[in-house]
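# Structural overview for review
What follows is each chain in one-letter form.
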Amino acid sequence: YIYIYIYIYINIYIYKQKRRSCVRYKCGLLNTIQDVLKQRPNWVEVKDDGEWDFNWCDVGWLRENFDHSYLDEHVRINHFRNHYELSRKNLMVKNLKRYQKNLEKEVGREEASKCDFFPCTFVLPSEYHLFVEEFNRNPGSIWIMKPVAKSQGKGIFLFRKLKDIIDWKKESSHSEEQKDAAPVENYVAQRYIENPYLINGRKFDLRVYVLVTSYVPLKAWLYRDGFARFSGTRFSLSTIDDKYMHLTNVSVQKTAPNYNHEKGCKWQMQQLRRYLTAKHGRELIEILFKQMDNIFIRSLQSVQKVIINDKHCFELYGYDILLDEKLKPWLIEVNASPSNSPSSREDYEMKFRLLEDTLNVVDMEGRLTGKEKRVGGYDLMWNNGPVYREDIYLQTFGSSCFTANTYLGCLNDREKQLRHLFKPFPFQKRT
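Residues numbered from 1 in each chain as written. Predicted model: local features only at pLDDT ≥ 70, side-chain atom pairs only at ≥ 80, totals over all residues. Heavy atoms only, no water.

### Looking at the packing of aromatic side chains
Enumeration over the complete set of coordinates arrives at 26 aromatic pairs. Seen in terms of ring centroids, Phe122 and Trp143 are 6.3 Å apart; in terms of plane orientation they differ by 40 degrees. Their pairing is tilted. Of this pair, Phe122 sits in strand E5 (residues 121-124) while Trp143 sits in strand E6 (residues 143-147), and the two are 21 residues apart along the sequence. Taken as a pair, Phe122 and Trp143 share a single burial class, namely buried. Between the aromatic rings of Trp267 and Tyr275, the centroid separation amounts to 5.5 Å while the plane-to-plane angle is 70 degrees, which identifies the pairing as edge-to-face. By way of ring pairs, the aromatic residues Phe122, Tyr128, Phe131, Phe135, Trp143, Phe157, Phe159 and Tyr187 are connected into one cluster. The ring of Phe227 carries the charged tip of Lys266 above its face, separated from the ring centre by 4.0 Å. Directly above the ring of Tyr407 sits Arg389, whose terminal nitrogen or CZ lies 4.2 Å from the centroid. (Phe/Tyr/Trp six-rings, centres within 6.5 Å; stacked < 30°, edge-to-face > 60°. Helix = DSSP H or I, 4+ residues; strand = E, 2+ residues; numbered from the N terminus. Buried < 20%, exposed > 50% of the residue type's maximum accessible area, 1.4 Å probe, protein only. Lys NZ or Arg CZ within 6 Å of the ring centre and 35° of its normal.)

### Quick notes on the environment of Asp205
Tracing the backbone shows Asp205 in strand E10 (residues 202-215). Residue class for Asp205 comes out buried when judged on its relative accessible area of 8%. Not counting chain neighbours up to four residues away, the residues in contact with Asp205 comprise Phe227, Ala228, Arg229, Thr248, Asp320, Ile321 and Leu322. (Contact = heavy atoms within 4.5 Å.)

### Considering the sheet that holds strand E8 (residues 187-191)
Overall, antiparallel pairing links the four strands, which are arranged E5-E8-E6-E7 in an open sheet. With partners counted over all chains shown, the strands left at the sheet margins are E5 and strand E7 (157-159), one partner each. The sheet shows a mean angle of 25 degrees between the axes of neighbouring strands, direction not considered. Here five bridges tie E6 to E8, and the two strands are oriented antiparallel to one another. Of the residues in E8, the one forming a bridge with Trp143 is Arg191. Strand contacts of helix H7 (residues 128-137): E5, E6, E7 and E8, with the helix running at about 140 degrees to E5, the strand carrying the most contacts. (Pairing = 2+ DSSP bridges. Axes fitted to C-alpha atoms, helices over the stretch in contact; angles between N-to-C directions.)

### Quick look at the side chain of Asp324
Examined against the element boundaries, Asp324 turns out to sit in the loop between strand E13 (315-323) and strand E14 (329-335). The side chain of Asp324 is buried and forms no salt bridge, while Lys328, the nearest opposite charge, is found at 6.4 Å. A polar atom in the side chain of Asp324 sits 3.0 Å from the side chain of Trp330. (Lys, Arg positive; Asp, Glu negative; His and termini not counted. Salt bridge = Lys/Arg side-chain N within 4 Å of Asp/Glu carboxyl O. Polar contact = N/O pair within 3.5 Å; in protein donor to acceptor, adjacent residues only side chain to side chain.)

### Some words on the side chain of Glu365
Within the fold, Glu365 resides in the loop between helix H13 (345-362) and strand E15 (374-375). In this structure the side chain of Glu365 is engaged in a polar contact, spanning 2.9 Å, whose partner is the side chain of Trp43.

### Some details on the pairing of E5
What you see with E5 is no split at all: Thr121 and Val123 on one side and Phe122 and Leu124 on the other are buried throughout. Sheet topology places E5 next to E8; four bridges connect them, and they run antiparallel. For Val123, the partnering residue across the bridge sits in E8 and is Val188.

### As for helix H11 (residues 269-280)
Counted at 1.5 Å a residue, the expected span for H11 with its twelve residues is 16 Å, and the 16 Å between its end C-alpha atoms agrees. Of all the positions in H11, only Met269, Gln270, Leu272, Arg273 and Leu276 are classed as buried. For H11, the angular spread of the buried residues around the axis is 160 degrees, confining them to a single face. Turned more than 90 degrees away from the buried face of H11, the exposed residues are Arg274, Ala278 and Lys279. Structurally, H11 contributes buried residues whose contacts are with strand E9 (198-199), E10, strand E11 (218-230), strand E12 (266-268), helix H12 (282-303) and E13. A positive phi of about 95 degrees marks Gly281, the residue just after H11. (Expected span 1.5 Å × (residues − 1). Arc of directions from axis to C-beta.)

### A few points about the nonpolar core
Ranked by internal contacts, the top residues of the largest apolar core, which has 58 residues, are Leu206, Tyr215, Phe296, Leu300 and Tyr319. At the level of elements, helix H5 (89-106), E10, E11, H11, H12, E13, E14 and strand E16 (378-383) are the ones that each hand at least two residues to this core. Sorting elements by how many residues they give to this core places H12 first, with nine residues. Look past the residues within four positions of Tyr319 in its chain and what remains in contact with it is Leu86, Leu206, Arg207, Val208, Val210, Phe296, Ser299, Leu300, Leu331, Glu333 and Val334. Counting residues in each nonpolar core, the second largest holds 32 residues, with Phe54, Phe227, Met364 and Val375 among its members. (Core = buried A, V, L, I, M, F, W, Y, C linked by side-chain atoms within 4.5 Å.)

### Re the pairing of E11
Here E11 lies mainly inside the structure; 13 of its 13 residues are buried. One ladder, built from ten bridges, connects E10 with E11; its direction is antiparallel. Opposite Ser214, over in E11, you have Lys219 as the bridge partner. Between E10 and the antiparallel strand that follows it, E11, lie two residues. As defined by bridge partners, E11 adjoins E16 across five bridges and the pair is classed as antiparallel. Among the inter-strand pairings, Trp221 is bridged to a residue of E16, identified as Leu380. In this structure, E11 lies alongside E12, joined through three bridges in antiparallel fashion. Residue Arg229 lies in a different strand from E12, and its bridge partner there is Lys266.

Encoded structure:
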């Protein structure tokens, strides 16, 4: 009887693996993610109204279809229903301010001070009078205006004087008077970071990828790769009208007359970390990267109670971080649909690895145990609490020193790790 039960168990397991091995996917985007999905073993694309197991959709599809769709237990989709609570500029600031205020009330100022990583920001037109008060307290400072729901640098401009936004204010007042007129577009007015860290005289920001597979409990993964995006023009505050100097978005930079389409305008994260470590020393740069870890976790916690958690959903966020000359990281914004369109061959290969490992973590094939702390280039940094590295070492006085399980900008030996992780059972063929 024991042998019969073992035989039945093995056959049931093989049957489940065969069912899981064929994943029907739907994809509404035409970029690197299409290439990743097409090369996935035993993944089959479905068109139009065909039944699917996995959907990599755009936010437009989500808005129109999610509330009207019945999702089977195994189905996965690449957005949470109200992902915009973190990715819309005005809502991100609103949630961070509320979170910081609650921390100060419940825990104390010292803990709340750990949320001091986003620039002074006001939502216009609703907070216009508060903005003017702050503006007058700091005469001569530079501010940056951003539409709350646009990306790729669209609609952004810098200003030093209130008269520079008087036309925008008139348009706002006009729309309020005429109820039938289209409402004025919301903006955020944010104090511009006038002392950015420069490399070769050029401004840059960082794009870092964080994957959230659950909000209740919060489970977040940090990808080892990422990149720095450089402006093509040497930085100066003498002019604030040059978008190629002040905006690092690739969509802006690639329209510059001197843009090199072969080399692009990026450094890989490993290259940047090596540069900073060589210039400032390992200890200081370790502190910098720990401060960035703090930004990722605190920002996710700020929306944890408002995001509609759904076991069918996951979210790949693209964080934009700016360093100032004192090596303090600032959170600029969070993207729920970070661009997967490559700007160079190296960029394509990095994004291909990122998306491939995203699918490995989501695990439609059912190959993971759920206890993994690393999958490919992803490291589990939060699982209903901080996740620590295996190499815990003892300090003096016998106390343990716990190191966060994050390796941003470190070696990404993902292929070796995946081969070890996905070893087949003796009776299972390797795919």
